[in-house]
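Each chain, letter by letter, is given below.
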Amino acid sequence: MKVDRDQVVAMIKEMAAVVAQNKEYLTDLDSAIGDGDHGINMDRGLRKVLEKLPPVADKDIGTIFKNVGMGLISAVGGAAGPLYGTFFLQFGKIAAGKEELTTSDIGAMLAAGLEGIKQRGKAVVGEKTMVDALEPAVEAFAAAADAGKELLACFQAAVAAAEAGKKATIPLVAKKGRAHYLGERSIGHQDPGATSSELLLRAMLKVLES
Ligand SMILES: Nc1ncnc2c1ncn2[C@@H]1O[C@H](COP(=O)(O)OP(=O)(O)OP(=O)(O)O)[C@@H](O)[C@H]1O
Ligand SMILES: [Mg+2]
């Protein structure tokens, strides 16, 4: 199984749709431990990405993802914009010039995206951020790929791990971003960024499953 350009375009549209559907939910999560803008930020960013999609939708997959990254950086603001922007710019680098993606391409894109976020935000697992969902997802994808699983099974493993990682942020004390000012009062709340990370990965998976 390979992923072609049309599926990539469908993934981007699905990510935008899922974020729009979950705008209030993400904002409510961010109201509890941040400044209540995560859903608004992400929705604004992905709407911008959709606006900028048509002129690149027939280009190589690297160009398409680079455009997603640049759209998010320019429109999201806050902490999450540059972090997710970096994530998709890294996708674009690995996918540069490609018309379709293999399992190993996607594993490399996820790993590079995570690495970009970690370099930029300096967060490690356990600090109650999007890294808590993304790192287990990347590791699960790699483990499934190493075991010879098909792309779909690798992506399913990644999303299951992201979901578990997202839930595991609930008892954590935030160490990064605005939420860390709350200290122990951040305990008991699910991290908004970990939540949006799981939603984005799940949106991509939905296209693979369709
Ligand atoms: N240094 C970081 N590394 C990774 N993720 C981070 C970092 N700082 C914040 N985040 C993620 O960003 C999410 C908040 O994104 P949001 O769109 O609300 O931006 P923000 O309000 O500027 O963020 P913050 O209040 O966290 O600085 C958090 O839930 C967390 O997952
Ligand atoms: Mg916020």
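Everything discussed here concerns the structure shown above.
Residues numbered from 1 in each chain as written. Chains lettered and ligands numbered in written order. Predicted model: local features only at pLDDT ≥ 70, side-chain atom pairs only at ≥ 80, totals over all residues.

Here's the deal with the overall build of the chain
No. 1: Along its length, the chain carries 9 helices and 2 strands.
No. 2: Overall, the chain shows an N-to-C arrangement of helices and strands of β-α-α-α-α-α-β-α-α-α-α.
No. 3: Its C-alpha atoms give the chain a radius of gyration of 16 Å, near enough to 17 Å, the size a compact globule of 210 residues would have.
No. 4: Based on the C-alpha atoms only, the size of the chain along its principal axes is roughly 45 × 40 × 30 Å.
No. 5: A buried classification covers 51% of the 210 residues belonging to the chain.
No. 6: Taking the intrachain contacts of the chain between residues at least 6 apart in sequence as the baseline, contacts between residues at least 24 apart amount to 65%. (Helix = DSSP H or I, 4+ residues; strand = E, 2+ residues; numbered from the N terminus. Rg over C-alpha atoms; globule rule 2.2 N^0.38 Å. Buried ≥ 20, exposed ≤ 12 C-beta atoms within 10 Å, placed from the backbone. Contact = placed C-beta atoms within 7 Å.)

Overview of the site of ligand 1
No. 1: Surrounding ligand 1, one finds 25 residues, the nearest of these being Gly78, Gly121, Gly177, Arg178 and Gly193.
No. 2: When residues of the shell around ligand 1 are traced back to their parent elements, those giving at least two are helix 3 (38–51), helix 5 (80–94), helix 6 (103–121) and helix 9 (192–209).
No. 3: Sort the elements by how many residues they give to the shell around ligand 1 and helix 9 lands first, with 3 residues.
No. 4: Residue classes in the shell around ligand 1 are distributed as 10 nonpolar, 8 polar and 7 charged. (Near = placed C-beta within 6 Å. Nonpolar A, V, L, I, M, F, W, Y, C, P; charged D, E, K, R; others polar.)

Section: the packing of helix 3 against helix 4 (residues 61–75)
No. 1: For the pair helix 3 and helix 4, interaxial distance at closest approach is 8 Å and the crossing angle is 135°. When the axes of helix 3 and helix 4 are compared, the pair comes out oblique. Where helix 3 crosses over helix 4, the handedness of that crossing is right-handed. Where helix 3 abuts helix 4, its residues Arg44, Gly45, Lys48 and Val49 lie against Val68, Gly71, Leu72, Ser74 and Ala75. (Axes fitted to C-alpha atoms, helices over the stretch in contact; angles between N-to-C directions. Parallel < 35°, antiparallel > 145°, perpendicular 65-115°, else oblique. Left-handed = near helix turned anticlockwise from the far one by under 90°.)

A short note on the nonpolar core
No. 1: Residues Met15, Leu134, Ala137, Phe141 and Ala158 are the most contacted members of the largest nonpolar core, which totals 61 residues.
No. 2: In terms of residues, this core owes the most to one element, helix 7 (residues 131–146), which gives 9 residues.
No. 3: Excluding residues within four positions of it along the chain, Met15 makes contact with Leu46, Leu200, Ala203 and Met204. (Core = buried A, V, L, I, M, F, W, Y, C linked by C-beta atoms within 7 Å.)

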